[in-house]
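What the coordinates show
What follows is each chain in one-letter form.
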Amino acid sequence: MKRFLTLLFSAAFLVACQSGDNPWSGSLLSLTVEATLPDTLPEGGNVGATVSVEEISSGARYKKETGSDGTAVFSLQSGIYRISVNNRIGRTVYNASADKIRVTEDRRLALALSISEAGTLVVKELYTSGCSKAPEEGTYQSDQYVILHNNDDRTVYLDSLCFGTLSPYNSTAVNSWLVDDSETGSKTFPDFVPVVTVVWKFPGDGSTYPLEPGEDALIALRGAIDHSAAYPLSVNLNRSDCFVCYNSTLFPNTVYHPAPGDQIRQDHILEVLVKTGQSNANTISLSSPTFVIFKSKGIAMEDYILLPGVVQSAPGNTADRAVTVPYDWLLDAVEVFDGRSSNNSKRLAPAADAGFVVLTDVFKSHSIIRNIDEEATRQCGYEILVDTNNSSNDFYESEIPSLRR
């Protein structure tokens, strides 16, 4: 029998006007959200879910824990909201979300919690936003990188790990990959993620690239050089521990893909599994990327990409071709929203990422960094990062990339 977590949202005052006048025109409203809990949760136990609400136009966010009765009550004014519910029991994560919920009258909303597992290999940091060329004039964006982290208590291997960015590139673009739900009449996510432009892959025989518990793997998404030598607000990616996305034949643009620096090991140059786009450089959104890491199951990725229908064009856009990767192959994902716009839309289903992290601006050297689980880190003796499969909880925007600290 399904059990239900009922969350009651009543529209009331949030903040009084500076003038003291009543900002409301009309009666108070209520939004009742009913989330179906999986049967695997302990009977009679308090799920302790975290409920987050964001008013889209203002960006105001509110968060509460559910009480002993399984409810969380927010005071909200009329508007359009994003809602997410999150809980983690052991390594199992429960998430639900709803986007662009219009609260203009009393209504009910049903949310089905999806089940996923916390990752052993996670994204620790994603730096794509570029920086200023100060003290020179202009901006710079050839220094993008990502850091992966072993969040488990055992050694993991990077061999055959794949990664890439999703279509659409930007959170403000129309997502033509959404499909019509005949039962509800709404748009839903397909059962795959569309990895666009290129899929990068770690080589190896299965045990070539070990990553010990708490260790990191740095990947230069563009130039593996010391960018900070010319531009002090940038970073040094000419490091012996750095892997690099480099293929001068497929990506000949030397502005974004200069020859790797003298500290880069030859066996740290990653492979292009497949290129689906026409760009002469590895293309990742500056303002709002969605980044995924994954490994295939039951079939080699080299064989999978040859199957009919695996590489598809975006509906209505034949030029935007992508590799359709099943959701259950994802090891981790992070979705970034453009903080300069209120017109952002989700590209990942809640099972992969129930939330998003906001990047407020570009060319400011800002980076997206995952929070540290301080208690788990003390207990384990090595760094453990927060992982709830909800970027709103897991990440924060840093004004300084970690490699420049």
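In short, a report on the structure. These numbers come from a predicted model, not from an experiment. Position numbers for residues start from 1 in each chain and track the written sequence from start to end. Predicted model: local features are reported for residues with pLDDT of at least 70 only, side-chain atom pairs are reported and counted for 80 or more only, and whole-chain, interface and lining totals are derived from all residues. In computing side-chain values, all of the structure's heavy atoms are included and hydrogens and water are not.

What about the overall build of the protein?
Let me state the cut-off plainly: Strands are runs of DSSP state E lasting at least two residues, helices are runs of H or I lasting at least four, and both sets are numbered from the N terminus onward. Throughout, exposure labels follow a simple rule: accessible area from a 1.4 Å probe, protein chains only, divided by the maximum for the residue type, with under 20% read as buried, over 50% as exposed, and the rest as partly exposed. Any pair of residues with heavy atoms lying within 4.5 Å of one another is described as a contacting pair. Using a 1.4 Å probe, accessible areas were evaluated by the Shrake-Rupley method; residue-level cover was limited to the displayed protein chains.
A tally of helices and strands in the protein yields three helices and 29 strands. Across the 405 residues in the protein, those meeting the buried criterion constitute 51%. Restricting to contacts in the protein with at least 6 residues of sequence separation, those with at least 24 account for 72%. With the model as given, the accessible surface of the protein reaches about 17,900 Å², and the carbon-plus-sulfur share is 50%.

What about the sheet that holds strand S21 (residues 242-244)?
Note the following rule: Each pair of strands is called paired provided DSSP finds at least two bridges between the two strands. Axis definition: a line fit to C-alpha positions, over the contact stretch in the case of helices; interaxial angles, taken between N-to-C directions, run 0 to 180 degrees.
An order of S21-S20-S13-S10-S28-S29 is seen for the six strands of this open sheet, with the pairing classed as mixed. In the strand order of this sheet, the two ends are held by S21 and strand S29 (395-398), each with one partner. Each neighbouring strand pair of the sheet contributes to a mean axis angle of 30 degrees, computed without reference to strand direction.

Notes on the packing of aromatic side chains
We count it as follows: A pair of aromatic rings is counted whenever rings of Phe, Tyr or Trp (Trp by its six-membered ring) have centres within 6.5 Å, and the orientation is called stacked for planes under 30 degrees apart, edge-to-face for over 60 and tilted otherwise. Note on criteria: charge over ring means Lys NZ or Arg CZ within 6 Å of the ring centre, with the direction from the centre no more than 35 degrees off the ring normal.
Taken as a whole, this structure holds eleven aromatic pairs when the rule is applied. Plain terms: the ring middles of Phe202 and Tyr209 are 6.3 Å apart, the flat faces sit at 65 degrees to each other, and that makes the pair edge-to-face. This pair shows no difference in class: Phe202 is buried, exactly as Tyr209 is. Considering the side-chain rings of Phe202 and Phe243, the 4.9 Å spacing of their centres and the 70 degrees angle between planes classify their relative orientation as edge-to-face. Of this pair, Phe202 sits in the loop between strand S18 (192-201) and strand S19 (210-211) while Phe243 sits in strand S21, and the two are 41 residues apart along the sequence. An aromatic cluster is present here, built from Phe163, Phe202, Tyr209, Phe243 and Phe291 joined pairwise through their rings. Residue placement shows Arg222 over the ring face of Tyr256; its charged tip is 4.6 Å from the ring centre.

A few points about the side chain of Lys124
Here is the rule: Contacts described as polar in this section are N or O atom pairs within 3.5 Å, which, within protein, must combine one atom able to donate a hydrogen with one able to accept it, while residues neighboring in sequence count only if both atoms come from side chains.
Among the structural elements, Lys124 can be located in strand S10 (residues 121-127). Assessed through its relative accessible area of 17%, Lys124 is described here as buried. A polar atom in the side chain of Lys124 sits 2.8 Å from the side chain of Glu383.

A few points about unusual backbone geometry
A cis amide bond, omega 10 degrees, links Ala134 with the succeeding residue Pro135. The residue Pro135 is located in the loop between strand S11 (131-132) and strand S12 (139-140) in this model. Between Ser167 and the following residue, Pro168, the backbone shows a cis peptide bond with an omega angle of -5 degrees. Here Pro168 lies in the loop between strand S15 (162-166) and strand S16 (179-180). Even without being a glycine, Ser365 presents a positive backbone phi close to 65 degrees. Relative to the helices and strands, Ser365 is located in the loop between strand S27 (357-359) and strand S28 (367-370). What makes Ser365 buried here is its relative accessible area of 3%.

Notes on the pattern of salt bridges
Side chains that carry opposite charge are capable of pairing whenever their charged atoms lie near each other. Basically, it comes down to this: A carboxyl oxygen of Asp or Glu within 4 Å of a side-chain nitrogen of Lys or Arg is what we treat as a salt bridge.
Throughout the structure, instances matching the rule amount to 14 salt bridges. For Lys201, the salt bridge identified is with Glu271, shortest N-O distance 3.7 Å. With Lys201 in strand S18 and Glu271 in strand S22 (residues 271-275), this residue pair connects regions lying 70 residues apart in the sequence. By relative accessible area, Lys201 is classed as buried at 8%.

Here's the deal with the nonpolar core
To be explicit about the condition: Definition used in this section: a nonpolar core is a set of buried Ala, Val, Leu, Ile, Met, Phe, Trp, Tyr and Cys residues joined via side-chain atoms within 4.5 Å.
Formed by 31 residues in total, the largest nonpolar core has its most connected members in Leu148, Leu158, Phe163, Ile219, Leu221 and Phe291. Put simply, the parts of the chain that give this core at least two residues each are S10, strand S13 (145-150), S18, strand S20 (216-220), strand S23 (290-294), strand S26 (330-338) and S27. Element by element, the count of residues in this core is highest for S10, at three residues. In contact with Leu148, not counting residues within four places along its chain, are Leu121, Val122, Val123, Lys124, Leu161, Glu215, Asp216, Ala217, Ile219 and Ile293. Within the second largest apolar cluster, 22 residues are counted, among which are Trp329, Leu330, Leu348 and Ala349.

So, the side chain of Thr324
One can find Thr324 in strand S25 (residues 317-326). For Thr324, a relative accessible area of 5% corresponds to the buried category. Reaching out from Thr324, the side chain makes a polar contact with the backbone oxygen of Val310 at a distance of 2.8 Å. Ignoring sequence-local partners within four residues, the contact set of Thr324 consists of Phe192, Val193, Tyr304, Gly309, Val310 and Gln312.

A look at the environment of Gly206
Its place among the elements puts Gly206 in the loop between S18 and S19. Residues Gly206 and Asp159 lie 47 residues apart in sequence; the distance between their C-alpha atoms is 5.2 Å. Contacts of Gly206, omitting those with residues within four sequence positions, involve Tyr157 and Asp159.

Some thoughts on the pairing of S28
Burial of S28 is two-sided: the residues Ser367 and Ile369 facing one way and the residues Ile368 and Arg370 facing the other way are all buried. Here S10 runs beside S28; their pairing, made up of two bridges, is antiparallel. Bridge assignment links Glu125 to a residue of S28, and that residue is Ile369. Examined bridge by bridge, S28 and S29 share four bridges and lie antiparallel to one another. Bridging across to S29, Ser367 finds its partner in Ser398.

Quick notes on the state of the cysteines
Note the cut-off: Any two cysteine sulfur atoms lying within 2.5 Å of each other are counted as a disulfide.
This model, assessed by the stated rule, comprises zero disulfides. Free of any disulfide, Cys242 has its nearest cysteine sulfur in Cys245, 9.1 Å distant. Relative accessible area serves as the criterion here: at 0%, Cys242 is assigned to the buried category.

What is shown is where atoms sit, not what they do.
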